[in-house]
Amino acid sequence: MAISSVLALPLSDGQDHVGLLMLTQSKARNWNANDVVVLRTIGEQITIALNNAGLRRLVKNLSVTDEGSGLLNRASYLDLLQAEIRRALQQATPVTVMLMKFGKRSQLVKELGEEGLEATMQQVGKTISANIRQNDLAFRYDKTTIAVVLGETSEKDALLAVEKLRKLLDEVKVPEKETPVTFTAGLAQGVTRQHYDPVDIVTEVINRVEQALDAAVTAASKVVALPPSVASAAVA
(Lines give C-alpha, C1' and ligand atoms only; values in the text may rest on other atoms or scores of the structure.)
Protein backbone atom coordinates (compact mmCIF):
# COMPACT_ATOMS: atom_id res chain seq x y z
CA MET A 1 0.00 0.00 0.00
CA ALA A 2 3.10 2.23 -0.07
CA ILE A 3 2.45 3.45 3.46
CA SER A 4 5.40 5.10 5.20
CA SER A 5 3.67 6.58 8.24
CA VAL A 6 0.73 5.34 10.34
CA LEU A 7 -1.13 6.85 13.29
CA ALA A 8 -3.70 4.66 15.07
CA LEU A 9 -6.14 6.10 17.60
CA PRO A 10 -8.65 4.01 19.57
CA LEU A 11 -12.35 4.90 19.43
CA SER A 12 -13.85 4.41 22.89
CA ASP A 13 -17.27 4.79 24.46
CA GLY A 14 -16.46 5.13 28.16
CA GLN A 15 -14.67 1.89 29.05
CA ASP A 16 -15.87 0.14 25.88
CA HIS A 17 -13.66 -0.13 22.80
CA VAL A 18 -15.75 0.50 19.67
CA GLY A 19 -13.22 0.83 16.88
CA LEU A 20 -9.94 2.19 15.58
CA LEU A 21 -9.18 5.35 13.61
CA MET A 22 -6.14 4.84 11.36
CA LEU A 23 -4.43 7.61 9.42
CA THR A 24 -1.78 6.78 6.84
CA GLN A 25 0.61 8.76 4.68
CA SER A 26 2.82 7.69 1.82
CA LYS A 27 5.65 9.90 3.06
CA ALA A 28 7.51 9.66 6.35
CA ARG A 29 5.95 11.92 8.98
CA ASN A 30 6.40 12.75 12.64
CA TRP A 31 2.93 13.25 14.14
CA ASN A 32 3.24 16.18 16.52
CA ALA A 33 1.25 16.63 19.72
CA ASN A 34 -1.13 19.19 18.19
CA ASP A 35 -2.00 16.80 15.35
CA VAL A 36 -2.78 14.05 17.84
CA VAL A 37 -5.02 16.32 19.96
CA VAL A 38 -7.02 17.44 16.91
CA LEU A 39 -7.36 13.88 15.62
CA ARG A 40 -8.43 12.57 19.02
CA THR A 41 -11.18 15.19 19.04
CA ILE A 42 -12.28 14.05 15.58
CA GLY A 43 -12.26 10.47 16.86
CA GLU A 44 -14.56 11.42 19.74
CA GLN A 45 -16.98 13.06 17.31
CA ILE A 46 -16.92 9.93 15.13
CA THR A 47 -17.86 7.81 18.15
CA ILE A 48 -20.75 10.14 19.01
CA ALA A 49 -21.96 10.07 15.41
CA LEU A 50 -21.82 6.25 15.36
CA ASN A 51 -23.82 6.06 18.60
CA ASN A 52 -26.43 8.51 17.30
CA ALA A 53 -26.76 6.58 14.04
CA GLY A 54 -27.14 3.35 16.01
CA LEU A 55 -29.87 4.92 18.16
CA ARG A 56 -31.78 6.10 15.12
CA ARG A 57 -31.54 2.63 13.52
CA LEU A 58 -32.77 1.06 16.74
CA VAL A 59 -35.75 3.42 16.82
CA LYS A 60 -36.65 2.57 13.23
CA ASN A 61 -36.36 -1.17 13.83
CA LEU A 62 -38.52 -1.19 16.95
CA SER A 63 -42.26 -1.61 16.57
CA VAL A 64 -44.68 1.08 17.74
CA THR A 65 -47.87 0.50 19.68
CA ASP A 66 -49.85 2.19 16.94
CA GLU A 67 -48.75 3.11 13.44
CA GLY A 68 -51.18 6.01 13.41
CA SER A 69 -49.84 7.74 16.53
CA GLY A 70 -46.15 6.97 16.03
CA LEU A 71 -45.63 6.26 19.75
CA LEU A 72 -42.92 3.74 20.56
CA ASN A 73 -43.62 0.55 22.47
CA ARG A 74 -43.07 0.54 26.23
CA ALA A 75 -40.73 -2.45 25.73
CA SER A 76 -38.19 -0.16 24.03
CA TYR A 77 -38.28 2.48 26.78
CA LEU A 78 -35.33 1.30 28.89
CA ASP A 79 -32.99 0.59 25.97
CA LEU A 80 -33.61 3.90 24.22
CA LEU A 81 -33.46 5.92 27.44
CA GLN A 82 -30.12 4.33 28.28
CA ALA A 83 -28.83 5.15 24.79
CA GLU A 84 -29.94 8.76 25.24
CA ILE A 85 -28.24 8.94 28.65
CA ARG A 86 -25.00 7.67 27.13
CA ARG A 87 -25.21 10.33 24.44
CA ALA A 88 -25.83 13.00 27.08
CA LEU A 89 -22.74 11.85 29.01
CA GLN A 90 -20.58 11.99 25.88
CA GLN A 91 -21.78 15.44 24.86
CA ALA A 92 -22.13 16.85 28.38
CA THR A 93 -25.75 17.83 27.70
CA PRO A 94 -28.84 17.50 29.91
CA VAL A 95 -31.66 15.02 29.33
CA THR A 96 -35.10 15.17 30.95
CA VAL A 97 -37.81 12.53 31.18
CA MET A 98 -41.49 13.45 31.24
CA LEU A 99 -44.56 11.36 32.09
CA MET A 100 -47.94 12.74 30.99
CA LYS A 101 -51.04 11.13 32.52
CA PHE A 102 -54.39 11.72 30.83
CA GLY A 103 -56.82 10.86 33.64
CA LYS A 104 -57.70 7.67 35.50
CA ARG A 105 -58.22 4.67 33.24
CA SER A 106 -61.22 3.17 35.07
CA GLN A 107 -63.06 6.46 35.11
CA LEU A 108 -62.32 7.19 31.45
CA VAL A 109 -63.44 3.72 30.38
CA LYS A 110 -66.69 4.25 32.26
CA GLU A 111 -67.24 7.63 30.58
CA LEU A 112 -65.93 6.90 27.08
CA GLY A 113 -65.75 3.15 26.73
CA GLU A 114 -62.62 1.28 25.66
CA GLU A 115 -62.94 2.41 22.05
CA GLY A 116 -63.50 6.03 22.98
CA LEU A 117 -60.52 6.02 25.32
CA GLU A 118 -58.29 4.45 22.68
CA ALA A 119 -59.46 6.93 20.03
CA THR A 120 -58.63 9.80 22.37
CA MET A 121 -55.15 8.46 23.14
CA GLN A 122 -54.56 7.91 19.42
CA GLN A 123 -55.24 11.59 18.79
CA VAL A 124 -53.07 12.57 21.73
CA GLY A 125 -50.23 10.38 20.45
CA LYS A 126 -50.46 11.87 16.96
CA THR A 127 -50.30 15.40 18.34
CA ILE A 128 -47.30 14.68 20.55
CA SER A 129 -45.41 12.73 17.86
CA ALA A 130 -45.93 15.55 15.36
CA ASN A 131 -44.74 18.27 17.71
CA ILE A 132 -41.59 16.94 19.36
CA ARG A 133 -38.10 17.32 17.92
CA GLN A 134 -36.41 14.67 15.81
CA ASN A 135 -34.12 13.57 18.64
CA ASP A 136 -36.92 13.36 21.23
CA LEU A 137 -38.60 10.02 21.90
CA ALA A 138 -42.26 9.45 22.80
CA PHE A 139 -43.59 6.16 24.23
CA ARG A 140 -47.01 4.69 25.08
CA TYR A 141 -46.13 4.15 28.73
CA ASP A 142 -49.48 2.63 29.69
CA LYS A 143 -53.14 2.92 28.68
CA THR A 144 -53.45 6.58 29.70
CA THR A 145 -49.82 7.68 30.13
CA ILE A 146 -47.24 8.83 27.60
CA ALA A 147 -43.51 9.13 28.32
CA VAL A 148 -41.31 11.61 26.47
CA VAL A 149 -37.50 11.62 26.60
CA LEU A 150 -36.24 15.12 25.84
CA GLY A 151 -32.62 15.12 24.71
CA GLU A 152 -30.40 18.16 25.25
CA THR A 153 -33.12 19.59 27.49
CA SER A 154 -32.86 20.86 31.05
CA GLU A 155 -35.70 20.76 33.58
CA LYS A 156 -36.37 24.46 32.96
CA ASP A 157 -36.68 23.96 29.20
CA ALA A 158 -38.78 20.83 29.74
CA LEU A 159 -41.31 22.88 31.72
CA LEU A 160 -41.65 25.14 28.69
CA ALA A 161 -42.10 22.07 26.47
CA VAL A 162 -44.92 20.84 28.73
CA GLU A 163 -46.79 24.11 28.36
CA LYS A 164 -46.31 24.05 24.59
CA LEU A 165 -47.79 20.55 24.44
CA ARG A 166 -50.63 21.57 26.74
CA LYS A 167 -51.66 24.35 24.35
CA LEU A 168 -51.48 22.00 21.37
CA LEU A 169 -53.51 19.32 23.17
CA ASP A 170 -56.23 21.86 23.90
CA GLU A 171 -57.21 21.27 20.27
CA VAL A 172 -57.78 17.55 20.94
CA LYS A 173 -61.36 17.05 22.10
CA VAL A 174 -62.79 14.20 24.15
CA PRO A 175 -65.25 12.26 21.91
CA GLU A 176 -68.90 13.33 22.24
CA LYS A 177 -68.02 15.89 24.92
CA GLU A 178 -66.04 18.39 22.85
CA THR A 179 -64.02 19.24 25.97
CA PRO A 180 -60.21 19.66 25.76
CA VAL A 181 -57.97 16.77 26.78
CA THR A 182 -56.17 17.55 30.05
CA PHE A 183 -53.22 15.92 31.74
CA THR A 184 -50.92 16.00 34.74
CA ALA A 185 -47.18 15.61 34.28
CA GLY A 186 -44.08 14.61 36.19
CA LEU A 187 -40.58 15.74 35.18
CA ALA A 188 -37.11 14.59 36.17
CA GLN A 189 -33.77 15.68 34.75
CA GLY A 190 -31.16 12.94 34.63
CA VAL A 191 -28.06 13.26 36.81
CA THR A 192 -25.56 12.98 33.94
CA ARG A 193 -22.18 12.98 35.62
CA GLN A 194 -19.21 11.29 34.01
CA HIS A 195 -18.38 9.08 37.01
CA TYR A 196 -21.93 7.67 37.19
CA ASP A 197 -22.87 4.44 35.46
CA PRO A 198 -25.52 4.96 32.72
CA VAL A 199 -27.63 2.09 34.08
CA ASP A 200 -27.70 3.69 37.54
CA ILE A 201 -28.60 7.07 36.01
CA VAL A 202 -31.50 5.50 34.10
CA THR A 203 -32.80 3.64 37.17
CA GLU A 204 -32.67 6.77 39.31
CA VAL A 205 -34.38 9.06 36.79
CA ILE A 206 -37.12 6.51 36.04
CA ASN A 207 -37.96 6.16 39.72
CA ARG A 208 -37.86 9.92 40.24
CA VAL A 209 -40.10 10.81 37.30
CA GLU A 210 -42.69 8.27 38.48
CA GLN A 211 -42.58 9.86 41.95
CA ALA A 212 -43.01 13.28 40.34
CA LEU A 213 -46.08 12.08 38.43
CA ASP A 214 -47.56 10.51 41.58
CA ALA A 215 -47.01 13.81 43.40
CA ALA A 216 -48.73 15.73 40.61
CA VAL A 217 -51.75 13.41 40.63
CA THR A 218 -52.01 13.45 44.45
CA ALA A 219 -51.73 17.22 44.69
CA ALA A 220 -53.93 17.80 41.63
CA SER A 221 -51.10 19.88 40.15
CA LYS A 222 -50.59 20.45 36.46
CA VAL A 223 -46.90 19.51 36.56
CA VAL A 224 -44.38 18.55 39.23
CA ALA A 225 -40.63 18.68 38.61
CA LEU A 226 -38.73 16.57 41.11
CA PRO A 227 -35.00 17.31 41.45
CA PRO A 228 -32.60 14.59 42.65
CA SER A 229 -32.15 13.87 46.37
CA VAL A 230 -34.90 16.31 47.37
CA ALA A 231 -37.89 15.10 49.35
CA SER A 232 -40.27 17.85 48.28
CA ALA A 233 -41.15 18.62 44.67
CA ALA A 234 -40.98 21.95 42.91
CA VAL A 235 -44.52 22.52 41.70
CA ALA A 236 -45.18 24.65 38.64
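These figures come from a predicted structure and were not determined experimentally. (Residues numbered from 1 in each chain as written. Predicted model: local features only at pLDDT ≥ 70, side-chain atom pairs only at ≥ 80, totals over all residues. Heavy atoms only, no water.)

**Student:** Can you help me understand a nonpolar patch on the surface in this one?
**Tutor:** Taken together, the side chains of Met1, Ile3, Val6, Leu20 and Met22 make up a nonpolar region of the molecular surface, amounting to roughly 560 Å² of accessible area. Looking at where Ile3 falls in the secondary structure, it is placed in the segment before strand S1 (5-13). Looking at Ile3, the relative accessible area reads 35%, which means it is partly exposed. (Patch = residues over 30% accessible without salt bridge, like charges linked within 9 Å, V, L, I, M, F, W, Y side chains within 5 Å. Areas by Shrake-Rupley, 256 points an atom, 1.4 Å probe, with all protein chains shown as cover. Salt bridge = Lys/Arg side-chain N within 4 Å of Asp/Glu carboxyl O. Helix = DSSP H or I, 4+ residues; strand = E, 2+ residues; numbered from the N terminus. Buried < 20%, exposed > 50% of the residue type's maximum accessible area, 1.4 Å probe, protein only.)

**Student:** Help me understand the layout of surface pockets, please; the structure alone is not making it clear to me.
**Tutor:** Over the atoms, a rolling probe the size of a water molecule traces out where space has been left empty. Reported here for the second largest pocket is a volume of approximately 350 Å³. Along the walls of the second largest pocket sit 20 residues, with Phe102, Gly103, Lys104, Leu108 and Thr182 positioned nearest its centre. Tallying contributions element by element places helix H3 (residues 105-130) first for the lining of the second largest pocket, with seven residues. Residue composition of the lining of the second largest pocket, by class: ten nonpolar, six polar and four charged. (1 Å grid on protein atoms, 1.4 Å probe; cavity = no way out; pocket = protein on both sides within 12 Å on 5 of 7 lines; lining within 4 Å. Points joined across faces, edges and corners; volume = space filled by probe spheres on them. Nonpolar A, V, L, I, M, F, W, Y, C, P; charged D, E, K, R; others polar.)

**Student:** Mind showing me how you'd approach helix H2 (residues 77-91) here?
**Tutor:** Every α-helix carries 3.6 residues per turn, so stepping three or four residues along brings you back to the same face. Between its terminal C-alpha atoms H2 stretches 21 Å, which fits the 21 Å expected from 15 residues at 1.5 Å a residue. Taken together, the buried positions of H2 are occupied by Tyr77, Leu80, Leu81, Glu84, Ile85, Arg87, Ala88 and Leu89. In the segment just after H2, Ala92 is the residue with positive phi, at about 55°. (Expected span 1.5 Å × (residues − 1).)

**Student:** Help me out: how do you make sense of the pairing of strand S6 (residues 184-189) in this one?
**Tutor:** Within a regular beta strand, the side chains point alternately toward one face of the sheet and then the other, so they alternate between its two faces. Along S6, five of the six residues are buried, which leaves the element largely enclosed by surrounding structure. As paired strands, strand S3 (residues 95-101) and S6 are joined by six bridges and run antiparallel to one another. By the bridge assignment, Leu99 is partnered in S6 with Gly186. As paired strands, S6 and strand S7 (residues 223-225) are joined by three bridges and run parallel to one another. Counterpart to Gly186 in the pairing with S7 is Val224. Each parallel crossover has a hand, and for S6 linked through helix H5 (residues 198-218) to S7 it is left-handed. (Pairing = 2+ DSSP bridges. Right-handed = clockwise from strand over helix to strand, strands pointing away.)

**Student:** When you look at the nonpolar core in this model, what are you seeing that I'm missing?
**Tutor:** Within soluble globular proteins, side chains that are nonpolar generally end up buried alongside one another. Counting 26 residues, the largest nonpolar core has Met98, Met100, Phe102, Val124, Ile128, Ile146 and Val148 as the members making the most contacts within it. Elements that contribute at least two residues to this core include exactly S3, H3, strand S5 (145-151), helix H4 (155-169), S6 and S7. By residue number, the principal contributor to this core is H3, which donates six residues. Ranked by size, the runner-up nonpolar core spans 22 residues in total, among them Tyr77, Leu80, Val202 and Ile206. (Core = buried A, V, L, I, M, F, W, Y, C linked by side-chain atoms within 4.5 Å.)

**Student:** Can you walk me through the pattern of salt bridges in this structure?
**Tutor:** Oppositely charged side chains can form a pair if their charged atoms are brought close together. What the rule picks out here adds up to eight salt bridges. In this structure, the salt-bridge partner of Arg166 is Glu163, at a minimum N-O distance of 3.5 Å. One end of the pair, Arg166, and the other, Glu163, are both in helix H4, three residues apart, so they sit about a helical turn from each other. What makes Glu163 partly exposed here is its relative accessible area of 33%. When salt bridges that share partners are traced, they join Glu84, Arg87 and Glu152 into one network.

**Student:** Would you mind going over the pairing of strand S4 (residues 137-142) with me for this structure?
**Tutor:** Buried residues dominate S4, accounting for five of its six residues. Pairing geometry for S4 and S5, over five bridges, is antiparallel. Its bridge partner being in S5, Asp142 is matched across the sheet by Thr145. Where S4 folds back on S5, the antiparallel hairpin that results is connected by two residues.

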